[in-house]
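# Coordinates in review
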Amino acid sequence: MSRSFVTQDAEQTERLAAAVGSRLLGGEVLLLCGDLGAGKTCFVRGLARGLGIAERVVKSPSYNILHQYDGGRLTLQHFDAYFVREAEEFRRDGIDEFLAQGQVVVVEWGDRFIDEFPTDAYVIRLEILGEDERRVTLTRIPEPAWLRELLDCP
Ligand code: ADP
Ligand code: MG
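Thresholds, definitions, all that
Residues numbered from 1 in each chain as written. Chains lettered and ligands numbered in written order. Predicted model: local features only at pLDDT ≥ 70, side-chain atom pairs only at ≥ 80, totals over all residues. Heavy atoms only, no water. Phe/Tyr/Trp six-rings, centres within 6.5 Å; stacked < 30°, edge-to-face > 60°. Helix = DSSP H or I, 4+ residues; strand = E, 2+ residues; numbered from the N terminus. Buried < 20%, exposed > 50% of the residue type's maximum accessible area, 1.4 Å probe, protein only. Lys NZ or Arg CZ within 6 Å of the ring centre and 35° of its normal. 1 Å grid on protein atoms, 1.4 Å probe; cavity = no way out; pocket = protein on both sides within 12 Å on 5 of 7 lines; lining within 4 Å. Points joined across faces, edges and corners; volume = space filled by probe spheres on them. Nonpolar A, V, L, I, M, F, W, Y, C, P; charged D, E, K, R; others polar. Pairing = 2+ DSSP bridges.

## Observations concerning the packing of aromatic side chains
Within this structure, the stated rule accounts for three aromatic pairs. Pairing Phe79 with Phe98 gives two aromatic rings, centres 6.4 Å apart and planes at 55°, and the pair type is tilted. Taken together, the residues Phe79 in strand S4 (residues 76-80) and Phe98 in helix H4 (residues 95-100) connect sequence positions 19 residues apart. Residue Phe79 shares its accessibility class with Phe98, and that shared class is buried. Between Tyr82 and Phe83, the ring centres sit 4.9 Å apart and the planes meet at 90°, which makes this aromatic pair edge-to-face. Taken together, the ring pairs connect Tyr82, Phe83 and Trp109 into an aromatic cluster. It is Lys40 that lies over the ring of Trp109; its NZ or CZ is 4.2 Å from the centre.

Here you go:
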């Protein structure tokens, strides 16, 4: 299942993301993919806004891997997988724990380690169409974890 939107500036992308954020229940994983400058961090800013978190606290986590934002309806955990070399680094950070606590996990460059995340994640692809134009495609990975496990049966 997927839906696409074309945005004409950063504010429109933020507004779309805020609409997503306002609908989250907690326990969701959102994987952001797209080139440098596509708008992944911009999308996280909107997500924060939609969750009632002060969006100015959102920064690019590149060197830290992880930032945690509180003060909203739900806690937002913001990862950046760009400088992550091995999946083990994510497991150490306890993503499962965050989800079990009903927090929201968003991962820039999440497609680099797509197999490390729950299969019922959302994938958000940002494509650069022009200087200020982006296509934002929201996809729900439809395969539940139990189905993947079933396929591993002899
Ligand atoms: P990324 O995290 O993917 O590297 P950023 O969100 O940090 O990208 O930066 C996106 C840049 O593109 C910002 O400077 C933003 O102002 C600009 N921009 C222009 N048009 C858009 C748009 N439609 N959506 C998102 N960002 C846009
Ligand atoms: Mg970024």
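## Examining the layout of surface pockets
By volume, the largest pocket amounts to about 440 Å³. Along its surface, the largest pocket is lined by 16 residues, and Arg3, Val20, Arg23, Tyr122 and Leu138 are the ones closest to its centre. For the lining of the largest pocket, the secondary structure elements donating two or more residues are strand S1 (2-7), helix H1 (10-23), strand S6 (122-128) and strand S7 (134-140). It is H1 that provides the largest number of residues to the lining of the largest pocket, a total of four residues. Residue composition of the lining of the largest pocket, grouped by class: 10 nonpolar, two polar and four charged. One number sums up the size of the second largest pocket: a volume of about 150 Å³. If you trace the second largest pocket, you find 15 residues lining it, with Leu36, Lys40, Ser60, Glu108 and Trp109 closest to the centre. Per element, the largest residue contribution to the lining of the second largest pocket is three residues, and it comes from helix H2 (residues 40-51). Classifying every residue of the lining of the second largest pocket by side-chain character gives six nonpolar, five polar and four charged.

## Points about the pairing of strand S2 (residues 29-33)
Among the five residues of S2, five are classified as buried, and the element is accordingly described as predominantly covered. Side chains Val29, Leu31 and Cys33 project from S2 onto one buried face, and the interleaved Leu30 and Leu32 project onto a second face that is buried too. Sheet topology places S2 next to strand S5 (residues 104-108); four bridges connect them, and they run parallel. Looking across to S5, one finds that Leu31 is bridged to Val107. The pairing of S2 with S6 spans four bridges and is parallel. Considered in S6, the bridge of Leu32 is made with Ile124.

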